[in-house]
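Structural characterization, general
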Amino acid sequence: MIRRKLVSLLLATTMIAGVVTGCGEKEEGSADGKGSVYYLSFKPEQTDQWKAIAAKYTEQTGIEVKVQTAASGTYEQTLKSEIAKKDAPTLFQINGPVGYQSWKDYCMDLSGTNLYSWLKDKDMAVTDGDGVYGIPYVVEGYGIIYNQEIMDKYFALDGAKAASMDEINNFAKLKEVVEDMTARKDDLGIDGVFASTSFTPGEDWRWQTHLMNLPVYYEYKDDSVTDKQEIEFKYNQEYKNILDLYVNNSCTKPSMLGSKTVENSMSEFALGKVAMIQNGNWAWGDIKKVSGNVVKEDKIKFLPIYTGISGEESQGLCIGTENFFSVNSEASKEDQEETIKFVEWLFNSDEGKKAVTNELGFIAPFNTFEDADNPTDPLAKEVIRYMDNESLTSVSWNFTSFPSQTFKDDYGASLLEYITGNKEWDNVVEDCKAEWKSEKEAIAE
């Protein structure tokens, strides 16, 4: 069956001709007539998994698959460097429509591929006219991850501000519980309620991107839009609510947060030093690999990120994607074809799907996956549970509309100044609005 599928894929992909949209000419294929694959990944936490998958595919097919991973926060910079080389990536990622505008000269039209035809919701793809230039390959969710074992210990204390997690469905209750837990952290055996808010440059994406998504989501929702040239940042106080809660109830002093990494914070959670951490379902891989991990699989859960927005009791997790595959339109025809075959093997063959589910932990958005193919790790199961809860509304991922990486980096630096006491919140807000506008204007030029 797999052999017949591979033959079908070969017949389909040989009909796909890459369109040269850049200023140079495509490189010819290798001397033996075979193409190869070079994937530039942007998730450092999945480096080992991608390399193992590449090696497995090469062993089966004889086709070379090279995987390189950009360091955290450096993907755009790395891609700019790599794309200019003779042996440039044949497979790379754009983060949505804004990313496409930066890389459209290197994005091949994928509308004729099986991968696009398998997409359950084709509206998720990045399109331009009739062309398809970015295909989402994973649905993910993020929120506040918590250790149920520590929470149950708190609920059993006399005078606890809640009896169960079911009672925590808005910011006011979350704040009340968290601050009480901080006051009784010695009784709970923790160093703080929240893990470190990591603000080392390149490690602040949870705040300048993922957390910032909340106020942007609600502002877009109010205006019935999916993008804005200027933002009001009308929900900046709600953003400040949750950021302050994280910082003031952390296991780390604010003055030290500029030196903390995501890995530091994940270790704090895995070792039971804290009860909560903001991150996504991809974090399970980081948690389980920590030496001395004490978090039990059946005790790791998700809570939505509550900020104080009216009606947030019906808010779910932040669910969406910023992961869109693009194939290099400047690559040789042979490399393009082998790249497409590799990706379609990954999301259609039995072995490929097992790797996607069990090694990468992806919730795939393709109709080639059935319920039995979904990940079974605890955080992925939590995302699916929230997605299936019709009483809750998921928060869409709107940070694909953020104007640039420069905007995010500068906003992160501004947040660090605020939490270390070197900048007033009103100035953070005004600088954020001004840079959003200027970066959007730069895109339009």
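Let me begin by describing the structure that accompanies this report.

The rules we used
- Residues numbered from 1 in each chain as written.
- Predicted model: local features only at pLDDT ≥ 70, side-chain atom pairs only at ≥ 80, totals over all residues.
- Heavy atoms only, no water.
- Core = buried A, V, L, I, M, F, W, Y, C linked by side-chain atoms within 4.5 Å.
- Buried < 20%, exposed > 50% of the residue type's maximum accessible area, 1.4 Å probe, protein only.
- Helix = DSSP H or I, 4+ residues; strand = E, 2+ residues; numbered from the N terminus.
- Contact = heavy atoms within 4.5 Å.
- Salt bridge = Lys/Arg side-chain N within 4 Å of Asp/Glu carboxyl O.
- Axes fitted to C-alpha atoms, helices over the stretch in contact; angles between N-to-C directions.
- Parallel < 35°, antiparallel > 145°, perpendicular 65-115°, else oblique.
- Left-handed = near helix turned anticlockwise from the far one by under 90°.

Now for the nonpolar core. Tyr239 and Met276 are the most contacted members of the largest nonpolar core, which has 60 residues in total. Ranked by residues supplied to this core, first place goes to helix H11 (residues 236-248) with six residues. If you look at the next biggest cluster of nonpolar residues, it comprises 36 residues, including Val37, Tyr57, Val327 and Leu360.

With that out of the way, let us pick up the side chain of Arg184. Topologically, Arg184 is positioned in the loop between helix H7 (171-183) and helix H8 (185-188). Sequence-distant contacts of Arg184, that is, excluding residues within four places in its chain, are made with Tyr154, Leu157, Asp158, Gly159 and Ala160.

Our next topic: the pattern of salt bridges. By the definition in use, this model includes 20 salt bridges. Across the pair Glu232 and Lys228 runs a salt bridge, and its minimum N-O distance is 3.8 Å. Since its relative accessible area comes to 44%, Glu232 is described here as partly exposed. The shortest N-O distance in the salt bridge between Lys423 and Asp431 comes to 2.6 Å. A residue is classified by how much of its surface remains accessible, and Asp431, at 39% relative accessible area, is partly exposed. Connected via shared salt-bridge partners are Glu219, Asp223, Lys228 and Glu232.

The subject of this paragraph is the packing of H7 against H11. At their nearest, the axes of H7 and H11 sit 11 Å apart, and the two run at 15° to each other. The angle between H7 and H11 falls in the class roughly parallel. When the axes of H7 and H11 are compared, the crossing they make is left-handed. Contacts from Phe171, Leu174, Lys175, Val178 and Glu179 in H7 reach Asn241, Ile242 and Leu245 in H11.

Take the environment of Asp350 next. Tracing the backbone shows Asp350 in helix H15 (residues 350-359). For Asp350 and Ala54, which are 296 residues apart along the polypeptide, the C-alpha to C-alpha distance reads 15 Å.

Here Ser224, not a glycine, exhibits a phi torsion of approximately 55°, which is positive. Turning to its location among the elements, Ser224 is positioned in the loop between helix H10 (213-223) and H11. A positive phi angle, close to 55°, is found at Phe233, a residue other than glycine. Assignment of secondary structure puts Phe233 in the loop between H10 and H11.

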